[in-house]
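So you can see what is in the structure, the chains are spelled out below.
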Amino acid sequence: MSVDPNLSRGAPGRGHPTSEVRIVTVFPTLLGTYGDGGNAHILAVRAQARGIPASVIRVDPGDAVPVEADLYLLGGGEDDAQVAAVELLRPSALPQAVERDAVIFAVCAGFQLLGHEFPGADGRPVAGLGLLDVTTTRLSRRAVGELLAEPTDATPLREPLTGYENHAGATTLGAAVQPLGLVRAGVGNGTERAGHLVEGAVQGRILGTYLHGPALARNPELADHLLGLVVGRPLPPWPQPEIEALRAERLAAAGWRR
Ligand code: GLN
């Protein structure tokens, strides 16, 4: 386990370590495709910009997953890396962290392995951690390209969700989860609820998604929502014309229309 010195700051003026948002990036070497590791950096920077101290703790295979952090990030991965990651996480403190009300944000392979099961490289089902009420099987064709979704009422998000997807999994939602979004372009979970193709899943303080990009760079509202869950109040707006321009470009590329 290592702490990124550039992002780790104390809690100025308060001197209490629990006032810091502790962000854990789980196995970025196994679960970090398409820049998903960047999600940790974005959360830390967005917290610090609002005067909220934040630190990033990187957990590598062989390191213990800390139980007392606030926000855990899991990214995408190849099939074999995904199986290796789930085996390391099965006996880890991640399930206890969920019981302690930690916020979890999981992308693609990370999303799938939180569920009941997902296909390994040979297509045979591998048991997931069962922390999220979803089950993943194989899509008939790999989903690759821009993914655009409109947020559901499962979160207070209002802006369209944009990202890049590349996966072979089709994820079916159980009764305990709500979809994060309704798909407007791309495949997302590749399954429907109430006649809509859906993207991602929300169950309490666990969010899963197929959005890469990294997702929190492309969707600052989503990043602030995760931080808001940790600090217990919405974060003040942080207008950034460059990010709005990037979003406008990505949304147009996926054919977004209100
Ligand atoms: N291995 C999984 C799949 O192909 C996840 C891929 C990913 O994380 N990009 O469905």
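Attention in this report is confined to the structure presented alongside it. (Residues numbered from 1 in each chain as written. Predicted model: local features only at pLDDT ≥ 70, side-chain atom pairs only at ≥ 80, totals over all residues. Heavy atoms only, no water.)

### Details of the pairing of strand E5 (residues 103-107)
Sheet faces and side chains relate simply in a regular strand, where the side chains alternate between the two faces.
Then, in step 1: Counting buried positions over the 5 residues of E5 gives 5, a clear majority of the element.
Then, in step 2: Burial along E5 is two-sided: the face carrying Val103, Phe105 and Val107 and the face carrying Ile104 and Ala106 are both buried.
Then, in step 3: Here strand E4 (residues 71-74) runs beside E5; their pairing, made up of 4 bridges, is parallel. Bridge pairing in E5 places tyrosine 72 opposite isoleucine 104.
Then, in step 4: When E5 meets strand E14 (residues 206-209), the two strands line up parallel, connected through 4 bridges. The partner of phenylalanine 105 across the bridge, within E14, is leucine 207. (Buried < 20%, exposed > 50% of the residue type's maximum accessible area, 1.4 Å probe, protein only. Helix = DSSP H or I, 4+ residues; strand = E, 2+ residues; numbered from the N terminus. Pairing = 2+ DSSP bridges.)

### Points about the pattern of salt bridges
Then, in step 1: Taken as a whole and judged by the stated rule, the model has 11 salt bridges.
Then, in step 2: Between arginine 90 and glutamate 87 there is a salt bridge, with its nearest N and O atoms 3.0 Å apart.
Then, in step 3: Since its relative accessible area comes to 33%, arginine 90 is described here as partly exposed.
Then, in step 4: Among the ionic contacts, a cluster of salt bridges with common partners joins Glu146, Arg218, Glu249 and Arg250. (Salt bridge = Lys/Arg side-chain N within 4 Å of Asp/Glu carboxyl O.)

### Topic: the environment of leucine 161
Then, in step 1: The topology assignment puts leucine 161 in strand E9 (residues 161-173).
Then, in step 2: It is 5.7 Å that separates the C-alpha atoms of leucine 161 and leucine 148, two residues lying 13 residues apart in sequence.

### Brief notes about the sheet that holds strand E10 (residues 181-185)
Then, in step 1: Strand order in this open sheet of 5 strands is E9-E8-E10-E12-E11, and the pairing throughout is antiparallel. Either end of the sheet is taken by a strand with one partner, and the two such strands are E9 and strand E11 (192-193).
Then, in step 2: Here strand E8 (residues 134-151) runs beside E9; their pairing, made up of 12 bridges, is antiparallel. Bridging from a neighbouring strand, leucine 147 pairs with glycine 163 of E9.

### Thoughts on the site of the ligand
Then, in step 1: Close to the ligand lie 15 residues, the nearest being Gly77, Asp79, Cys108, Asn166 and Ala168.
Then, in step 2: Between the ligand and glutamine 112, the relevant distance is 3.0 Å, taken from an oxygen atom to a side-chain nitrogen or oxygen of the residue.
Then, in step 3: Within the side chain of histidine 212, a nitrogen or oxygen atom sits 3.5 Å from a nitrogen atom of the ligand.
Then, in step 4: Contact with the protein chains covers 97% of the free accessible surface of the ligand, which is 300 Å².
Then, in step 5: Every element with two or more residues in the shell around the ligand is listed here: helix H2 (79-89), helix H4 (109-114) and E9. (Near = heavy atom within 4 Å. Polar contact = N/O pair within 3.5 Å; in protein donor to acceptor, adjacent residues only side chain to side chain. Areas by Shrake-Rupley, 256 points an atom, 1.4 Å probe, with all protein chains shown as cover.)

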